[in-house]
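Coordinates in review
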Amino acid sequence: QVQLLESGGGVVQAGDSLRLSCAASERSFTPLAMAWFRQAPGKEIESVAAISFTGANKYFADSVKGRFTISRENDKKTMVLLMNSAKPEDTAIYYCATAQTPINASGSSGSYDIWGQGIQVTVSS
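Residues numbered from 1 in each chain as written. Predicted model: local features only at pLDDT ≥ 70, side-chain atom pairs only at ≥ 80, totals over all residues. Heavy atoms only, no water.

A word on the overall build of the chain
Basically, it comes down to this: Under the scheme used here, helices are H or I runs from DSSP no shorter than 4 residues and strands are E runs no shorter than 2 residues, and both carry numbers assigned from the N terminus. The atom set for the radius of gyration is the C-alpha atoms, and the globule formula is 2.2 Å times the number of residues raised to the power 0.38. Throughout this description, buried means an accessible area under 20% of the type-specific maximum (1.4 Å probe, protein chains only), exposed means over 50%, and partly exposed covers the range between. Any two residues whose heavy atoms approach within 4.5 Å at even a single point are treated as in contact. Only the protein chains shown count as cover for residues, with accessible areas throughout obtained via the Shrake-Rupley method and a probe of 1.4 Å. Within this scheme the basic residues Lys and Arg register as positive and the acidic residues Asp and Glu register as negative, but His and the chain ends are omitted. In this description, the location of a charge corresponds to atom NZ of lysine, CZ of arginine, CG of aspartate or CD of glutamate.
Counting secondary structure elements, the chain contains zero helices and 11 strands. Listed N to C, the secondary structure of the chain is β-β-β-β-β-β-β-β-β-β-β in terms of helices and strands. In terms of overall size, the chain behaves like a compact globule, its C-alpha atoms giving a radius of gyration of 13 Å where 125 residues would be expected to give roughly 14 Å. The principal-axis extents of the C-alpha atoms in the chain amount to approximately 40 × 25 × 25 Å. By the burial criterion, 44% of the 125 residues in the chain qualify as buried. Taking the intrachain contacts of the chain between residues at least 6 apart in sequence as the baseline, contacts between residues at least 24 apart amount to 58%. Carbon together with sulfur atoms contributes 47% to the accessible area of the chain, which is approximately 6300 Å² in total. Taking the 11 positively charged and 11 negatively charged side chains of the chain as two groups, their mean positions are separated by 5 Å.

Structure below.
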């Protein structure tokens, strides 16, 4: 069973940048659409950003538009979320996910069927 492995989390100060990466564990696996979600303590999981297989289509939640960017390198089976101008409200566990069926960049968690374990991001004020 293929796994998604997140890396790059940690603690940053408000206004700083942080780079999250997500990689597929199997070289033979081709992630289609990929996405980031997050869950803050006591809150429901919410979408952050998504990217189509070709990278031509992207989705961003309103809360991160203009601050976060998403990109991918299909030859390396990786996806990157660059968090700029981080805010304390960005503090959460961040999960990457991918779909096994062809979909466009979607912010709906139900569209994705393979998920990573999650990684903690803490933004201090």
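Comments concerning unusual backbone geometry
For K77, which is not a glycine, the phi torsion comes out positive at approximately 55 degrees. Its identity as a non-glycine residue notwithstanding, S85 has a phi of 50 degrees, on the positive side. One can find S85 in the loop between β8 (78-83) and β9 (92-98).

Remarks on the pattern of salt bridges
Where we set the bar: The term salt bridge refers to a side-chain nitrogen of Lys or Arg lying within 4 Å of a carboxyl oxygen of Asp or Glu.
Within the structure shown, the criterion is met by five salt bridges. The partner of E46 in a salt bridge is R38, and the shortest N-O contact between them spans 2.6 Å. According to the relative accessible area criterion, R38 is buried, its value standing at 4%. Across the pair D90 and R67 runs a salt bridge whose closest N-O atoms are separated by 2.8 Å. Of this pair, D90 sits in the loop between β8 and β9 while R67 sits in the loop between β6 (58-60) and β7 (68-73); the two residues are 23 residues apart in sequence, bridging distant segments of the chain. Residue classification places R67 among the buried positions, given a relative accessible area of 10%.

With respect to the state of the cysteines
Short version of the rule: Two cysteine sulfurs form a disulfide in these notes if their separation is within 2.5 Å.
Overall, the coordinates contain one disulfide when judged by the stated rule. Residue pairing for C22: its cysteine sulfur links by disulfide to C96, the two sulfurs lying 2.1 Å apart. Given an S-S torsion of about 60 degrees, the disulfide between C22 and C96 has right-handed geometry. Placement of the pair is C22 in strand β3 (residues 18-24) and C96 in strand β9, with a sequence separation of 74 residues. The residues C22 and C96 share a single accessibility class, namely buried.

Quick word on the packing of aromatic side chains
Here the distance between the centres and the angle between the planes together describe a pair of aromatic rings. Stated precisely, the cut-off is as follows: Pairing of aromatic rings covers Phe, Tyr and Trp, the last counted by its six-membered ring, and requires centre-to-centre distances within 6.5 Å; plane angles under 30 degrees mean stacked, over 60 mean edge-to-face, and any other angle means tilted.
Overall, the coordinates contain two aromatic pairs when judged by the stated rule. Seen in terms of ring centroids, F37 and Y112 are 5.7 Å apart; in terms of plane orientation they differ by 70 degrees. Their pairing is edge-to-face. Residue F37 is found in strand β4 (residues 34-39), and its partner Y112 is found in the loop between β9 and β10 (114-115); the two are separated by 75 residues along the sequence. Here F37 and W115 contribute two aromatic rings whose centre-to-centre distance is 4.9 Å and whose plane-to-plane angle is 40 degrees, an arrangement assigned as tilted. In this pair, F37 is assigned in strand β4 and W115 in strand β10, connecting sequence segments 78 residues apart. An aromatic cluster of at least three residues, connected via ring pairs, comprises F37, Y112 and W115.

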